[in-house]
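Summary of structural features
The lines below spell out each chain.
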Amino acid sequence: MSMNTQGRPTGTGTSGYAATSGSSLLPNEPLLFEIGDTEHSGVDLPDTTVGDEYLGGFARKTPLDLAGLTEPEAMRHYVRLSRLNYSIDSGMYPLGSCTMKHNPRLNEKMARLPGFADIHPLQPVSTVAGALDLMNELAHWLMTLTNTAAVCLTPKAGAHGEMAGMMAIRAAQAAKGEAHRNVVLVPESAHGTNPATAAFLGYTVKPIPARADGTVDAAAVKAALGPDVAAIMLTNPNTCGLFEPQIIDIAAAVHEAGAYFYCDGANFNAIMGVVRPGDLGIDAMHINLHKTFSTPHGGGGPGAGPVVLSAALAPFAPVPFVRDGQLVEHAEAGHLGRITAFNGQMGMYVRALTYMLSHGGDGLARAAKDAVLNANYVKSRLGSVFSAPFAEAGHCMHEALFDDSFLDGTGVTTLDFAKAMIDEGFHPMTMYFPLVVHGAMLIEPTESEPKQTLDHFCDVMLELAADARGGNAGRFTAAPTRAPRRRLDETRAARQPRLKWERPEMLPQAAE
């Protein structure tokens, strides 16, 4: 076995890749202000004088201080920055509960077609018939996959879809004269957006504890139900990577108590084409197009989180929506009105429908099954070393969950382990979530990754675990050492952020 420049073994594992890379990443890239100067510009602009009265008293009092660069300098700067970014095109994302998977280039090509790429929300409806047909087709397949009666495409992200679904629930209860219901049940293992959404809408959140096997107990839900309960917000598969075995009993109990069942659809990627949530008794569920149907993810957008609704909630769907190819823009009796100005992210609709039509129903089911297969492969390969908190549950769904007990006595934390993964060229997995597991490491390989990539990932993870348990804590507590940025004081950065770059003062130099 050979050694790298840091004195660590570089033997290959089952993937054929070196278990430890030993390679240095790209150097740091300066800011534009540090590359250019304010005395030169890449363009010639005429001198212009604008009176202060024209600007209403808002004229600048200080120089613009904008760095001027030549075109090659500007181009190279942004290309170099792009090479510092980790991306799905450069490697896998093992982020649990995030489904960061490959975005097929066919989707991008379709989204750039004239009539989709250059559409404007204020165009006359008569000029966007093709776009409406596409939205109608997407809505049809979302309802078919979930066995629901209505869908609202407009929400801009999962949390926005949650809000739309919960607002529909609130409107339905108000219509029945049950506006007094002000409690929402939320399992302790839920995504943080669930209690946040409920609280934002004025509900009181009542937590439901997880069982020892990581799932929700129907008996605990029944005990928490009462005349003041408006809904339960349950994720299935849940954030521990497990299918809720008592979900049908939970739905029946919730409905019997006069409440509604909101299902967090963040993990629909694991069951699409295999299980229809409507068959399980759900009343509302958002679907993250960026997670389930491969539209781009991250960076603050563009997101899309359509929410599907049962027959009981369909009359309360927010506008605008497409019905039988026609755009409904005005609220009917019971409808919520608008939750957003226009129809949502057209480019995401095109990409999602392209993904659906490319795969077909059987292909979507295969994708879900492959996501589950990949996660269980990772769980199996790492399970002999990494500690799984719910091992008695057997197979997982689309993500494998581990805790930090295998690191006991090593002086290495989950955060340290994740930082060391950066040195080996991998984006870290989800850390410290779900909160019901101490030092959680949540890994979702998705269906996009081939076995060779999974083996490479597992080889690196096992090599890191062996080094941590072998007493080499320094490798982890100092990591990352080969990234453009060393380890930051993240707590201080969050509490005392520096949001503005200031040119450093030029100190006088001593005479030679």
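Residues numbered from 1 in each chain as written. Predicted model: local features only at pLDDT ≥ 70, side-chain atom pairs only at ≥ 80, totals over all residues. Heavy atoms only, no water.

1. Focus: the overall build of the chain
Looking only at helices and strands, one finds 15 helices and twelve strands in the chain. Taken over C-alpha atoms, the radius of gyration comes to 26 Å for the chain, in line with the 24 Å a tight globule of 512 residues would show. By principal-axis analysis of the C-alpha atoms, the chain measures approximately 85 × 70 × 40 Å. Considering only contacts within the chain whose residues lie at least 6 apart along the sequence, 70% involve residues at least 24 apart. Across the chain, 39 positive and 53 negative side-chain charges occur, with their mean positions spaced 2 Å apart. (Helix = DSSP H or I, 4+ residues; strand = E, 2+ residues; numbered from the N terminus. Rg over C-alpha atoms; globule rule 2.2 N^0.38 Å. Contact = heavy atoms within 4.5 Å. Lys, Arg positive; Asp, Glu negative; His and termini not counted. Charge placed at Lys NZ, Arg CZ, Asp CG, Glu CD.)

2. Remarks on the domain arrangement of the chain
Where interface size is quoted, it is often the accessible area lost as the parts come together. As far as domains go, the chain holds domain 1 (108-354) and domain 2 (369-482). For domain 1 and domain 2, the distance between their C-alpha centres works out to 31 Å. Between domain 1 and domain 2, the residue contacts involve 20 residues of the former and 18 residues of the latter. Overall, the association of domain 1 and domain 2 removes approximately 1400 Å² of surface from exposure, summing both partners, and the carbon and sulfur fraction of that is 66%. On inspection of domain 1 and its partner domain 2, the count reaches zero salt bridges. Taken together, the connections running from domain 1 to domain 2 amount to three residue pairs in polar contact (both at pLDDT 80 or more). Taken together, the residues of the side of domain 1 that touches domain 2 break down into nine nonpolar, eight polar and three charged. (Domains from an automatic or database assignment. Buried area = accessible area lost by both parts, 1.4 Å probe. Salt bridge = Lys/Arg side-chain N within 4 Å of Asp/Glu carboxyl O. Polar contact = N/O pair within 3.5 Å; in protein donor to acceptor, adjacent residues only side chain to side chain. Nonpolar A, V, L, I, M, F, W, Y, C, P; charged D, E, K, R; others polar.)

3. What to know about empty space enclosed by the protein
Following the criterion strictly, the structure yields three cavities of 30 Å³ or more and no others. Put simply, the largest cavity is a space of about 60 Å³. Forming the walls of the largest cavity are C240, G241, L242, K379, A388, P389, F390, A391, C396, E399 and L401. Residue composition of the lining of the largest cavity, by class: eight nonpolar, one polar and two charged. (1 Å grid on protein atoms, 1.4 Å probe; cavity = no way out; pocket = protein on both sides within 12 Å on 5 of 7 lines; lining within 4 Å. Points joined across faces, edges and corners; volume = space filled by probe spheres on them.)

4. With respect to the sheet that holds strand β12 (residues 441-443)
Here we have three strands laid out as an open sheet, ordered β10-β12-β11, and antiparallel in their pairing. Two strands lie at the open edges of the sheet, namely β10 (400-402) and β11 (430-431), each paired on one side alone. The sheet contact formed by β10 and β12 spans three bridges and is antiparallel. Bridge pairing links A400 to I443 in β12. Here helix α11 (residues 346-382) sits on the sheet in contact with β10 and β12, set at roughly 30° to β10. (Pairing = 2+ DSSP bridges. Axes fitted to C-alpha atoms, helices over the stretch in contact; angles between N-to-C directions.)

5. Brief notes about helix α13 (residues 451-469)
Between its first and last C-alpha atoms α13 spans 26 Å; for 19 residues at 1.5 Å apiece the expected length is 27 Å, and the two agree. A positive backbone phi angle near 100° is found at G471, which sits one or two residues after α13. (Expected span 1.5 Å × (residues − 1).)

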